[in-house]
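Observations on the three-dimensional arrangement
Here is what each chain is made of, one letter per residue.
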Amino acid sequence: MSENPILNNIDFEVEQTPFYYYDMALLDRTLDAVNEASADARYKVHYAVKANADMPILKAVMAKGLGADTVSGGEIQAAIEAGFKPEDIVFAGVGKSDREIELALEAGISCFNVESKAELAVIAEIASRMNRVADIALRINPDIDAHTHHYITTGLAENKFGINMELLDDVLASVAKYPSVKLTGLHFHIGSQITDNAPYALLCERINALQEQFEAKGYRLATINVGGGLGIDYDDPDRNPIPDFKSYFDVFRKHLILREGQELHFELGRSIVAQCGSLITRVLYVKEGVKKRFAIVDAGFNDLIRPALYQAHHKIQNLTSTASEEEVYDVVGPICESSDVFSEDERLPLTHRGDILALRSAGAYGRIMASQYNCRPIARGVYKD
Ligand code: LLP
């Protein structure tokens, strides 16, 4: 029998491909590592539900004591269903609908991360109508280049996210006008898949300066939320199955000056769930072209869109081939679009119809971003301890 736990755990005669396979033991070890590295009574990690909202995943995260960072009414409901306490849920996003704001207030979530003066006015109006006071954090755009893919960088001035620092005074004047909102914190997020900690140190310097400005104006902030973004090793998930959480949290320990009684919040998504998931797919055909050789698989970009959308590369393994000889393949899906390519010039052991491939590091922004394009069903998740 093969050494690969995926092959050992799955009966491929029964299980139809494609599907997402989750190594729940790895998820648990990852969560333990997060908790160990962030052990400090003032630190609180909220899991970014957008990375993966599968119920077994949410429940595993909740069981380890993390909070939930949500960006929609649907995510708030999923978090509550998984057992997160409302006071451990924060709600972010540039476009919260009236219905979502009502739902969040009804549920009693802990904080709205507010991104504009226009949104502030609507939250204040709805909270007042419902006889509530909404705790809010202002999301500030710190204008920091996180050196990541331009689709997933969020902290630059020209981005749609956050409140531009020049507009802050104006927004603060608004906050003071509304008795139904209470400013409790500041929120930041500079981007995703950040593999170099230097931008985080820069963020800390920005926050230190801002805190002084806020104090000079007489504000005391209960929380600072630095968002998420810690990257993972897509090239070699077996060498680095658990990200270096210690170095990440140490940057904040070293550079961020917290005030007496202040809490520091984090919103990690990818670094928690990416490595525990793989998309498992079967080779349908090996097609010999004139210049290329294609391995056509039964998963497509509707199952995993990251390669097509961000030119991302997920490590591909042939789990069943025992050949020692290798060959170069373009690994492509069945969807009728030329962007349905998982990898070009991928070196794999000799691959044949029926072989099982794993696209690794697919636990974050994989299944949750799946669509039914071409009337293809959403691939199910298989969760193994
Ligand atoms: N907080 C905020 C405000 C965010 O916008 C995000 C991600 C996170 C936290 C979590 O970031 P993480 O720790 O997962 O990097 N679909 C893209 C990634 C989009 C990230 C959007 N925001 C991808 O597949 O690479």
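You'll find the structure just up there.
Along each chain, residue indices are assigned from 1 in the same order as the chain's sequence is written. Given that the model is predicted, a residue must reach a pLDDT of at least 70 before its local features are reported, and side-chain atom pairs must reach 80 or more before they are shown or counted; all residues, however, enter totals for whole chains, interfaces and linings. Side-chain measures here rest on the full set of heavy atoms in the structure, leaving out hydrogens and waters.

Turning our eyes to something else, we now look at the overall build of the protein chain. What the protein chain contains, in helices and strands, is eleven helices and 17 strands. Its C-alpha atoms give the protein chain principal-axis dimensions of roughly 70 × 40 × 40 Å. Taken over 385 residues, the protein chain has a buried fraction of 55%. Whether two residues are in contact is decided by their heavy atoms, any of which lying within 4.5 Å being enough. Pairs at least 24 apart in sequence give 71% of the contacts found in the protein chain among residues at least 6 apart. Under the counting rule used here, the positive set is Lys and Arg, the negative set is Asp and Glu, and His together with the chain ends is not counted. Taken as the charge location is NZ of Lys, CZ of Arg, CG of Asp or CD of Glu. Taking the average place of the 39 positive charges on the side chains of the protein chain and the average place of its 56 negative ones, the gap between the two points comes to 2 Å. Counting from the N terminus, the helices are DSSP H or I runs at least four residues long and the strands are E runs at least two residues long. Any residue under 20% of the maximum accessible area for its type is buried, any over 50% is exposed, and the rest in between are partly exposed; the area is computed with a 1.4 Å probe on protein chains only.

Along the chain, Ser-116 turns up in the loop between strand S5 (111-114) and helix H6 (117-129). A relative accessible area of 25% means that Ser-116 is categorised as partly exposed. Separated by 22 residues in the primary sequence, Ser-116 and Leu-138 place their C-alpha atoms 8.2 Å from one another.

Proximity criterion: a residue is near a molecule or strand once any of its heavy atoms comes within 4 Å of it. Residues in contact with the ligand amount to 18 residues; listed here are only the nearest, Ser-192, Glu-267, Arg-306, Tyr-310 and Tyr-365. N or O atoms closer than or at 3.5 Å make up a polar contact, with two conditions inside protein: a donor-capable atom paired with an acceptor-capable one, and, for residues adjacent in sequence, both atoms drawn from side chains. Arg-306 places a polar side-chain atom, nitrogen or oxygen, 2.6 Å from an oxygen atom of the ligand. Residue burial considers only the protein chains on display, and all accessible areas are found by Shrake-Rupley using a 1.4 Å probe. When the free accessible area of the ligand is taken as 580 Å², the share hidden by the protein chains comes to 92%. Broken down by secondary-structure element, the contributors of at least two residues to the shell around the ligand are strand S10 (263-268) and helix H11 (306-310). The residue makeup of the shell around the ligand, split by class, is six nonpolar, six polar and six charged. All amino acids are sorted into three groups, where Ala, Val, Leu, Ile, Met, Phe, Trp, Tyr, Cys and Pro are nonpolar, Asp, Glu, Lys and Arg are charged, and the leftover types, Gly among them, are polar.

Grid points spaced at 1 Å over the protein atoms alone were grouped into cavities, where a 1.4 Å probe fits but cannot get out, and pockets, open sets with protein on both sides within 12 Å along at least five of seven lines, with lining residues defined by an atom within 4 Å of a point. Grid points are joined across faces, edges and corners, and a volume is the space filled by probe spheres set on the points. Approximately 260 Å³ is the volume attributed to the second largest pocket. Lining the second largest pocket we find 15 residues, and of these Asp-23, Leu-26, Asp-238, Gln-275 and Arg-360 sit closest to its centre. Counting residues per element, the ones that place at least two in the lining of the second largest pocket are helix H1 (5-9), strand S1 (19-23) and helix H2 (24-37). Taken together, the residues that form the lining of the second largest pocket break down as seven nonpolar, four polar and four charged.

Our next topic: the side chain of Asp-298. With respect to the helices, strands and loops of the structure, Asp-298 is situated in the loop between strand S12 (293-297) and H11. In this structure Asp-298 is buried but unpaired, with Arg-282 as the nearest side chain of opposite charge at 4.7 Å. Only 2.9 Å separates the side chain of Asp-298 from the backbone nitrogen of Arg-282, close enough to count as a polar contact. Once you skip the residues sitting within four places of it in the chain, Asp-298 turns out to touch Thr-17, Pro-18, Thr-281, Arg-282, Leu-284, Asp-303, Pro-334 and Arg-376. By convention in these notes, a salt bridge is any Lys or Arg side-chain nitrogen within 4 Å of a carboxyl oxygen on Asp or Glu.

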